[in-house]
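Coordinate inspection notes
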Amino acid sequence: MTKQRAGTQQSLIVTALDFAGTFLFAVEGALAAIAGRLDLFGVLVVAFITALGGGIVRDVLIGAAPPAALRDWRYAALAIAGGGMTIMLWHLGLQPPVFAVTLLEAAALALFAVAGTEKALEYNIPPFTAPLLGIITAVGGGTIRDILLNLIPAVLRVDINATAALAGASVMVVLRRSAAGPRIAMIAGFGTCFLLRLLAVEFHWQLPVLSS
Amino acid sequence: MTKQRAGTQQSLIVTALDFAGTFLFAVEGALAAIAGRLDLFGVLVVAFITALGGGIVRDVLIGAAPPAALRDWRYAALAIAGGGMTIMLWHLGLQPPVFAVTLLEAAALALFAVAGTEKALEYNIPPFTAPLLGIITAVGGGTIRDILLNLIPAVLRVDINATAALAGASVMVVLRRSAAGPRIAMIAGFGTCFLLRLLAVEFHWQLPVLSS
Amino acid sequence: MTKQRAGTQQSLIVTALDFAGTFLFAVEGALAAIAGRLDLFGVLVVAFITALGGGIVRDVLIGAAPPAALRDWRYAALAIAGGGMTIMLWHLGLQPPVFAVTLLEAAALALFAVAGTEKALEYNIPPFTAPLLGIITAVGGGTIRDILLNLIPAVLRVDINATAALAGASVMVVLRRSAAGPRIAMIAGFGTCFLLRLLAVEFHWQLPVLSS
């Protein structure tokens, strides 16, 4: 009962962030799938999984099943719209410039990191583990996609994605406990993740490898 | 509370379709695992996962945890019986003819597509996303198996499986809203998926690849 | 409601076994990740997943979402402590001897097999399928890790892990129904799994491969 109600009450801010991130990640997923030479259906599936996989895993983990992405038809519609639009533009010979894809990826990452952490807190996940749900929301879809495409997920290889998401989520959780208020905390968390990701791409940042 | 009750109330028709699909998929999974040179335990594990993986994921996603496949011992018994029987027949030198395996796969696919969509609707998943749960039920087990065997899941490569499941599930959802009634809708959905899958195998249908 | 309460009531014995297994598996996961040349963050992620992945999947499947590993910060702290300690020791040039790693793996496996089966029974999973949850708890984390590292999971290849976990869990379930009482049943289940695993490593036991 508690669950059902809480599920329906996902706050407006989580929904808005989720919607924006969903569309951006669907575009990014479709671009990756086209590059991977999948068939038409595969491209839509990959766009769908990239966009909604992270949020679905988050919702299952925090006890918000059925996940918003399955309960609310607008998520699926946004993912299909993002994927379909990308396919059509690709057919017309239009491909987004590299810097636009980089911006888009960073924005989607930061939106999902913040939305995932916020929703976890709303479901009473403690502040110490809530950022984990932010990371899962942000990199979960891409990770499931990489697993399906038989790649070692970027999150375990060279990528700074998870680190940026963790930083943004942690900034948000810490600021929330200060006098800043939830809105400022979310904006600061978004900005931290977004900037870290862009700087990492620009300067080819990588975490140190341990093995000698 | 709602959940617990609803979970117990999985309709008879879903249970019957699930049982039939479970046995068929366990046979198919065991055949694939034997071909993949797994050990005895591995063959049973793969038969189990192929048969029950899709339904377990569906139940977790629609909020029906613990999944029927874990709550009701008959699912596990059917999966082990299907896998064990296949191993024994293989030991006796008996392998099913190719056309029988094709029929069996198509029937299991269609049974699970219909059962998964029906159960999702019973759990108040909206008609627009319910077919997704049908697809997940139908191809989820095989996809988990392929991931464990380190293959790119068939669903993302050449296979028409997911498309056939989507078509069957969509026919079912649309007919349900007409005057046809749920029973006719299910039979039509089953027939659509079953025939599409057989025709796709017979005529080597494939969806177009996008990349040039 | 039922769920929420039951989730909070996870018995003390499950928590104690889970804690011990979590720390041991985090050490083992970190050692594997260092050998796999992951970066610093990757090593911690792999330690975390190896330690907590199985229990998280178990909790989602038995309807105990959010999983204890996310609801209770001590699990995450133990996993990070185990992973971090391993990294520091590795940096100091200290690597555990092979037999110690073997003992550690066997103990973690047996702890999780027993804890997973016990928790499943507490959540009213029937005795016939409860051992499956024990296996998932015991080998789930390592399986998710192998999937992420793009390896065929050990559970499907040569390993006796899942068989030992199944044996331990089955012994426990059977003894529980006798006059032995739950405590004796758990100790016997732990011992069975622990010894089988050690013997399998020592004598290079493998299950027979079916294909000719």
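Check the entry above for the structure.
Figured I'd write up the structure that's included with this text.

1. Description of the overall build of chain A
Scanning chain A from N- to C-terminus turns up 9 helices and 0 strands. Listed N to C, the secondary structure of chain A is α-α-α-α-α-α-α-α-α in terms of helices and strands. Relative to its length of 212 residues, chain A is compact, with a C-alpha radius of gyration of 17 Å against a globular reference of 17 Å. Once local pairs closer than 6 in sequence are excluded, the contacts in chain A between residues at least 24 apart make up 76%. Summing over all exposed atoms, chain A offers an accessible surface of approximately 8,700 Å²; the carbon and sulfur share of this is 71%. Taking the average location of the 13 positive side-chain charges in chain A and that of its 11 negative ones, the two points are 8 Å from each other.

2. A closer look at a nonpolar patch on the surface
Side chains of L44, W73 and I80 of chain A together with F128 of chain B sit close together on the surface and give an oily, nonpolar patch of about 390 Å² of accessible area. Mapped onto the elements, L44 of chain A comes out in helix α3 (residues 40–61).

3. Overview of the interface of chain B and chain A
The partner chain A presents 32 residues to the 29 residues of chain B that form the contact. In total, chain B and chain A occlude about 2,600 Å² of area from one another, counting both sides; carbon and sulfur atoms represent 70% of this. Taken together, the links from chain B to chain A amount to 0 salt bridges. Here chain B and chain A share 1 residue pair in polar contact (both at pLDDT 80 or more) between them. Breaking the side of chain B that touches chain A down by element, the ones donating at least two residues are α3 (40–61), α7 (130–148) and α8 (161–177) of chain B. In terms of residues, the side of chain B that touches chain A owes the most to one element, α7 of chain B, which gives 4 residues. Of the residues in the side of chain B that touches chain A, the class split is 20 nonpolar, 7 polar and 2 charged.

4. Points about the side chain of T137 of chain B
All names here are of chain B. Assignment of secondary structure puts T137 in helix α7. We classify T137 as buried; its relative accessible area is 1%. Those residues within four positions of T137 in sequence are excluded, and the remaining contacts are G54, G55, R58, F112 and G116.

5. Let's talk about the relation of the copies chain B and chain A
Turning one copy of the chain about an axis and sliding it along that axis gives the other copy, so a rotation and a shift relate them. For the match of chain B to chain A, the screw axis carries a shift of 0.0 Å, the RMSD comes to 0.0 Å, and the turn is 120°. The relationship between the two copies is best expressed as a three-fold rotation axis. Little of the interface of chain B is mirrored in chain A, where only 17% of its interface residues again form contacts.

6. With respect to the pattern of salt bridges
Under the criterion given, the structure shown has 24 salt bridges over all chains. R197 of chain A is the partner of E105 of chain A in a salt bridge, and the nearest nitrogen-oxygen pair spans 3.1 Å. Pair noted here: E105 of chain A is in helix α6 (residues 98–122) and R197 of chain A is in helix α9 (residues 182–202), with a separation of 92 residues, a long-range link. Note that D59 of chain C and K119 of chain C form a salt bridge whose closest N and O atoms lie 3.0 Å from each other. You can see D59 of chain C sitting in helix α3 (residues 40–61) and its partner K119 of chain C sitting in helix α6 (residues 98–122), a full 60 residues away along the chain. Residue D59 of chain C is classed as buried on the basis of its relative accessible area of 1%. Among the charged side chains, a network of salt bridges with common partners joins D18, R58, D59 and K119 of chain A.

7. Here's the deal with helix α7 (residues 130–148) of chain C
Residue and element names in this part refer to chain C. If you check α7, its first and last C-alpha atoms are 26 Å apart, about what 19 residues at 1.5 Å a residue would give, namely 27 Å. Of all the 19 residues making up α7, 16 are buried; the element is thus mostly covered by neighbouring parts of the structure. Residue N150 follows α7 closely and has a positive phi angle near 65°.

Definitions and limits used
Residues numbered from 1 in each chain as written. Chains lettered and ligands numbered in written order. Predicted model: local features only at pLDDT ≥ 70, side-chain atom pairs only at ≥ 80, totals over all residues. Heavy atoms only, no water. Helix = DSSP H or I, 4+ residues; strand = E, 2+ residues; numbered from the N terminus. Rg over C-alpha atoms; globule rule 2.2 N^0.38 Å. Contact = heavy atoms within 4.5 Å. Areas by Shrake-Rupley, 256 points an atom, 1.4 Å probe, with all protein chains shown as cover. Lys, Arg positive; Asp, Glu negative; His and termini not counted. Charge placed at Lys NZ, Arg CZ, Asp CG, Glu CD. Patch = residues over 30% accessible without salt bridge, like charges linked within 9 Å, V, L, I, M, F, W, Y side chains within 5 Å. Salt bridge = Lys/Arg side-chain N within 4 Å of Asp/Glu carboxyl O. Buried area = accessible area lost by both parts, 1.4 Å probe. Polar contact = N/O pair within 3.5 Å; in protein donor to acceptor, adjacent residues only side chain to side chain. Nonpolar A, V, L, I, M, F, W, Y, C, P; charged D, E, K, R; others polar. Buried < 20%, exposed > 50% of the residue type's maximum accessible area, 1.4 Å probe, protein only. Least-squares fit on C-alpha atoms with pLDDT ≥ 70 in both. Expected span 1.5 Å × (residues − 1).

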